[in-house]
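# Fold and contact review
Listed below are the residues making up each chain.
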Amino acid sequence: MAKKPNAYLERQDAVKQKYLDVGEEMGMQKMWDYIQIALRDPEIMGKDTMGRKRLEKLYHKCQNLANYYHTAFTFDVEADHRQQELDGQLREVWGEELTEFYDRYPYVKKIDYSKPKKGWV
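Let us look at the structure shown here. (Residues numbered from 1 in each chain as written. Predicted model: local features only at pLDDT ≥ 70, side-chain atom pairs only at ≥ 80, totals over all residues. Heavy atoms only, no water.)

Its boundaries defined by the atoms lining it, the largest pocket holds a volume of some 1000 Å³. Along the walls of the largest pocket sit 24 residues, with Met28, Cys62, Gln63, Leu65 and Ala66 positioned nearest its centre. Contributions of two or more residues to the lining of the largest pocket are made by helix H1 (7-39), helix H3 (52-69) and helix H4 (79-94). Element by element, the count of residues in the lining of the largest pocket is highest for H1, at eight residues. Per-class residue counts for the lining of the largest pocket are 15 nonpolar, five polar and four charged. Within this model, the second largest pocket holds a volume of roughly 260 Å³. What lines the second largest pocket is Phe73, Thr74, Phe75, Arg104, Tyr105, Pro106, Tyr107, Val108 and Lys109. For the lining of the second largest pocket, the class distribution of residues is six nonpolar, one polar and two charged. (1 Å grid on protein atoms, 1.4 Å probe; cavity = no way out; pocket = protein on both sides within 12 Å on 5 of 7 lines; lining within 4 Å. Points joined across faces, edges and corners; volume = space filled by probe spheres on them. Helix = DSSP H or I, 4+ residues; strand = E, 2+ residues; numbered from the N terminus. Nonpolar A, V, L, I, M, F, W, Y, C, P; charged D, E, K, R; others polar.)

This is how it looks when you write it as structure tokens:
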């Protein structure tokens with residue numbers, strides 16, 4: 001017999017998720033603000049500082065990447081694949097000096113395939 005859903009716990013989970021989502025959005029916006037300032041700084045960028053059009057293009061690309069790689073931070077069956085993809089892209093930049101996914105994100109719980117999750121095939 002399946003357990004009855006607990007409405008109180010579901011509401012609590014929704015509140016927790018909302019706070020997590022707000023924190024993620026604020027963190028991303030803060031970082032984007034700092035990056036825009038840095039990319040406009042000739043001390044950092046030399047003569048090749050970025051203007052509004054290039055920053056907008058970069059912003060949209062980053063939004064697309066954030067949407068695509070979001071799965072890497074979930075318990076989705078594709079999470080580990082996205083984590084590997086993300087590390088692969090970054091490895092092209094950093095080579096062997098790349099800090100691996102779970103070292104960069106120590107608060108992301110590592111997927112344990114010895115314990116199947118509900119909904120996994």
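In this structure the tally under the stated criterion is six salt bridges. Between lysine 16 and aspartate 13 there is a salt bridge, and its shortest N-O distance comes to 3.9 Å. Of this pair, lysine 16 and aspartate 13 both sit in helix H1, three residues apart, roughly one helical turn. Looking at aspartate 13, the relative accessible area reads 47%, which means it is partly exposed. Between arginine 91 and glutamate 100 there is a salt bridge, with its nearest N and O atoms 2.9 Å apart. (Salt bridge = Lys/Arg side-chain N within 4 Å of Asp/Glu carboxyl O. Buried < 20%, exposed > 50% of the residue type's maximum accessible area, 1.4 Å probe, protein only.)

According to the stated counting rule, one finds six aromatic pairs in the structure shown. Look at phenylalanine 73 and phenylalanine 101: their rings are 5.3 Å apart centre to centre, the planes differ by 40 degrees, and that puts the pair in the tilted class. With a gap of 28 residues between them, phenylalanine 73 in the loop between H3 and H4 and phenylalanine 101 in helix H5 (residues 101-104) connect regions that are remote in the sequence. With relative accessibility at 2%, the residue phenylalanine 101 sits in the buried group. Arranged with centres 5.2 Å apart and planes meeting at 85 degrees, the rings of phenylalanine 101 and tyrosine 102 form a pair that is edge-to-face. Overall, the relative accessible area of 23% leaves tyrosine 102 in the partly exposed class. Cluster of aromatic residues (ring-pair linked, three or more members): Phe73, Phe101, Tyr102 and Tyr105. (Phe/Tyr/Trp six-rings, centres within 6.5 Å; stacked < 30°, edge-to-face > 60°.)

In this model, H1 (33 residues) spans 47 Å end to end at C-alpha, consistent with the 48 Å of a helix rising 1.5 Å per residue. Between the side-chain oxygen of the N-cap and the backbone nitrogen of tyrosine 8 there are 3.0 Å, and the N-cap of H1 in question is asparagine 6. (Expected span 1.5 Å × (residues − 1). Polar contact = N/O pair within 3.5 Å; in protein donor to acceptor, adjacent residues only side chain to side chain.)

Before going further, it helps to examine the side chain of glutamine 83. Note that glutamine 83 resides in helix H4. A residue is classified by how much of its surface remains accessible, and glutamine 83, at 5% relative accessible area, is buried. In terms of polar contacts, glutamine 83 uses its side chain to reach the side chain of tyrosine 102, at 2.7 Å. Look past the residues within four positions of glutamine 83 in its chain and what remains in contact with it is Ala72, Phe101, Tyr102 and Val108. (Contact = heavy atoms within 4.5 Å.)

By themselves, these observations are geometric and do not establish any function.
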